[in-house]
Protein chains: 2
Amino acid sequence: MLTAVEENYLKYIFQLLDDLDTETVKTNDLAYKLEHSPATVTDMLKKLSDKKLVQYKKYYGASLTKVGRQTAIKVLRKHRLWETFLVRNLKFTWDKVHEIAEQLEHVQSDELVERLDEFLGFPKFDPHGDPIPDKHGYFHFAQQIALTDAKLKENYILAGVNDASTAFLVYLNKIKIQLNDKIRIIEKEEFDDSVTIVVNDRKTITISHSAAGNMWVKKV
Amino acid sequence: MLTAVEENYLKYIFQLLDDLDTETVKTNDLAYKLEHSPATVTDMLKKLSDKKLVQYKKYYGASLTKVGRQTAIKVLRKHRLWETFLVRNLKFTWDKVHEIAEQLEHVQSDELVERLDEFLGFPKFDPHGDPIPDKHGYFHFAQQIALTDAKLKENYILAGVNDASTAFLVYLNKIKIQLNDKIRIIEKEEFDDSVTIVVNDRKTITISHSAAGNMWVKKV
DNA sequence: TATTTTTTTTAGATTAGCCTAAAAATTTAT
DNA sequence: ATAAATTTTTAGGCTAATCTAAAAAAAATA
């Protein structure tokens, strides 16, 4: 079992590798992210290397082993599920949840994670739009994008929803939109970010930014 | 800001004082509860005493200062709110939640606690029936008891519900029971713990143990 | 390429939280 | 009331996670 500190190191190494798109992370980059001294980072990298979670070569840099990466993804999964819970159910604004999720992500219980995932309806993206890996560590980026990110005047089909709460599904029902309906954006309103769409080449309706953000579409 | 370990000590001291109904807790009792060596407990008591959270006299025992007690109650509040969440929303059974709540109770965020409380509908008791202190540290024991703990053939009135979820309120509506209705238990079924009650001296119905456990009544 | 600058590591120290073994105080029993 | 038993504390040690200062290696520059 890893400590919260070790988990954090793995998570940040994972994110830096991803963000910077490099082979290895440098000691100083990690030190900056974690707000630790470089000396502390060196110590920790040696320890994680001994535990076979990190590949580390002096003066060169660090990357993750297979086990290290899997662990990092688990932590990220927990972080993003908790953020989703905080925003959706506890009505936190998206900018305030990070610090709390940073603590919640280290609570140890596999069953808790899976039940939370189920409670939330297996969301694929968190409130910041970052993908939530599923229990096998698989990220659903792929073809699906939020309707808010779709281009004007191109054809998409509704592939899923992010917030599968009853309220949202009832809403979709009310405006008579179903899975696999064809959707084309014809206008984006500057002032409130609402979008006007044409559904199945027939109906034209305007929906809010938050509704559009909950709808996953793929190009046709 | 206190560490998780310090918070735990305060919580257990509070509970031991309460359970044993004594002036002070003894080193060995705490050591046994916490599964620490007595030496460790002595060290910790000295530290908490320096921080003015505990009143400690060598060889005599420890009790809580005002601040220490307030802190202990806050931790207990968080613990019980999380247990309630785990059972009600994540469908854990009551016997599996303790270990997880033990971790969740140390997450630091006042706003989180208050929002969680609100999300749960300000429950007064946790799934084990223990009282959840409110945000001012006030415990609602008092006159109210769960209907499951009410005596046969005595008159009570419905004073509140513990799980204020829509589903339960809808259920109460369906069986036509309202706040302040007069309730008298006429039979308790051994085999499934269901109870048969007379409502307002007219209707006789049988409700499940879990429904009865959700109903708070007071004597009239 | 030699020198300077930057980055990284090593060395040594500190605090929190734990332990065991030995000593001291208190309680119990004869 | 003394001796024995029990409880509690003290003393000394260990690991994890942090730090600063100094040394070493790598990178940049002139």
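Residues numbered from 1 in each chain as written. Chains lettered and ligands numbered in written order. Predicted model: local features only at pLDDT ≥ 70, side-chain atom pairs only at ≥ 80, totals over all residues.

**Focus: the pairing of strand β5 (residues 182-188) of chain B**
Residue and element names in this part refer to chain B.
- In this sheet, β5 lies alongside strand β4 (residues 155-161) in antiparallel orientation, the contact comprising 3 bridges. Residue pairing across strands places Asn155 opposite Arg184, the latter belonging to β5.
- Pairing between β5 and strand β6 (residues 195-199): 5 bridges, direction antiparallel. Looking across to β6, one finds that Lys188 is bridged to Val195.
- In this antiparallel pair of consecutive strands, β5 and β6, the connection spans 6 residues, and Asp193 shows a positive phi of 60°. (Pairing = 2+ DSSP bridges. Helix = DSSP H or I, 4+ residues; strand = E, 2+ residues; numbered from the N terminus.)

**Considering the sheet that holds strand β4 (residues 155-161) of chain A**
- Read across the open sheet, the 6 strands follow the order β3-β8-β4-β5-β6-β7 (chain A); overall the sheet is antiparallel. Of all the strands in the sheet, just β3 (145-146) and β7 (203-207) of chain A have a single pairing partner and so form its edges.

**A short note on the sheet that holds β5 of chain B**
- The strand order across the open sheet built from 6 strands is β3-β8-β4-β5-β6-β7 (chain B), with neighbouring strands paired in antiparallel fashion. Each having just a single partner strand, β3 (145-146) and β7 (203-207) of chain B make up the two edges of the open sheet.

**Here we look at helix α3 (residues 38-50) of chain A**
Residue and element names in this part refer to chain A.
- Relative to the 18 Å expected for 13 residues at 1.5 Å per residue, α3 spans 19 Å between its end C-alpha atoms, a close match to the ideal helical length.
- Those residues of α3 that sit buried are Val41, Met44, Leu45 and Leu48. For α3, the angular spread of buried residues about the axis comes to 105°, placing them on one side. Across α3 from its buried face, at more than 90 degrees, point the exposed residues Ala39, Asp43 and Asp50. (Expected span 1.5 Å × (residues − 1). Buried ≥ 20, exposed ≤ 12 C-beta atoms within 10 Å, placed from the backbone. Arc of directions from axis to C-beta.)

**Let's talk about the interface of chain A and chain B**
- On the side of chain B, 14 residues touch chain A, which itself brings 14 residues to the contact.
- Counting only elements with at least two residues in the side of chain A that touches chain B, the list comes to α5 (98-104) and α6 (110-119) of chain A.
- Tallying contributions element by element places α6 of chain A first for the side of chain A that touches chain B, with 4 residues.
- Looking at the side of chain A that touches chain B, its residues break down into 8 nonpolar, 4 polar and 2 charged. (Contact = placed C-beta atoms within 7 Å. Nonpolar A, V, L, I, M, F, W, Y, C, P; charged D, E, K, R; others polar.)

**What to know about the environment of Pro131 of chain B**
- By the element assignment, Pro131 of chain B lies in the loop between α6 (110-119) and β3.
- With near-sequence residues (within four places) excluded, Pro131 of chain B lies in contact with Lys124, Phe125, Phe139, His140 and Phe141 of chain B.

**Focus: the protein's contact with DNA strand C**
- Surveying the vicinity of DNA strand C reveals 17 residues, the closest of which are Asn28 and Ala39 of chain A together with Thr3, Ala39 and Thr40 of chain B.
- Within the residue set of the surface near DNA strand C, elements represented by two or more residues are α2 (27-34) and α3 of chain A together with α1 (4-20) and α3 (38-50) of chain B. (Near = placed C-beta within 6 Å.)

**A short note on the environment of Asn8 of chain B**
- Of note, Asn8 of chain B is situated in helix α1.
- On a C-alpha basis, the gap between Asn8 of chain B and His106 of chain B in space is 8.7 Å, while along the polypeptide they are 98 residues apart.

**Quick look at the packing of helix α4 (residues 66-88) of chain B against α6 of chain B**
Residue and element names in this part refer to chain B.
- One way to put it is that α4 packs onto α6 with a least axis distance of 10 Å and a crossing angle of 45°. Taken together, the axis directions place α4 and α6 in an arrangement best described as oblique. Regarding α4 and α6, the two cross each other, and that crossing is left-handed. Where α4 abuts α6, its residues Arg77, Lys78, Leu81 and Phe85 lie against Val113, Leu116 and Asp117. (Axes fitted to C-alpha atoms, helices over the stretch in contact; angles between N-to-C directions. Parallel < 35°, antiparallel > 145°, perpendicular 65-115°, else oblique. Left-handed = near helix turned anticlockwise from the far one by under 90°.)

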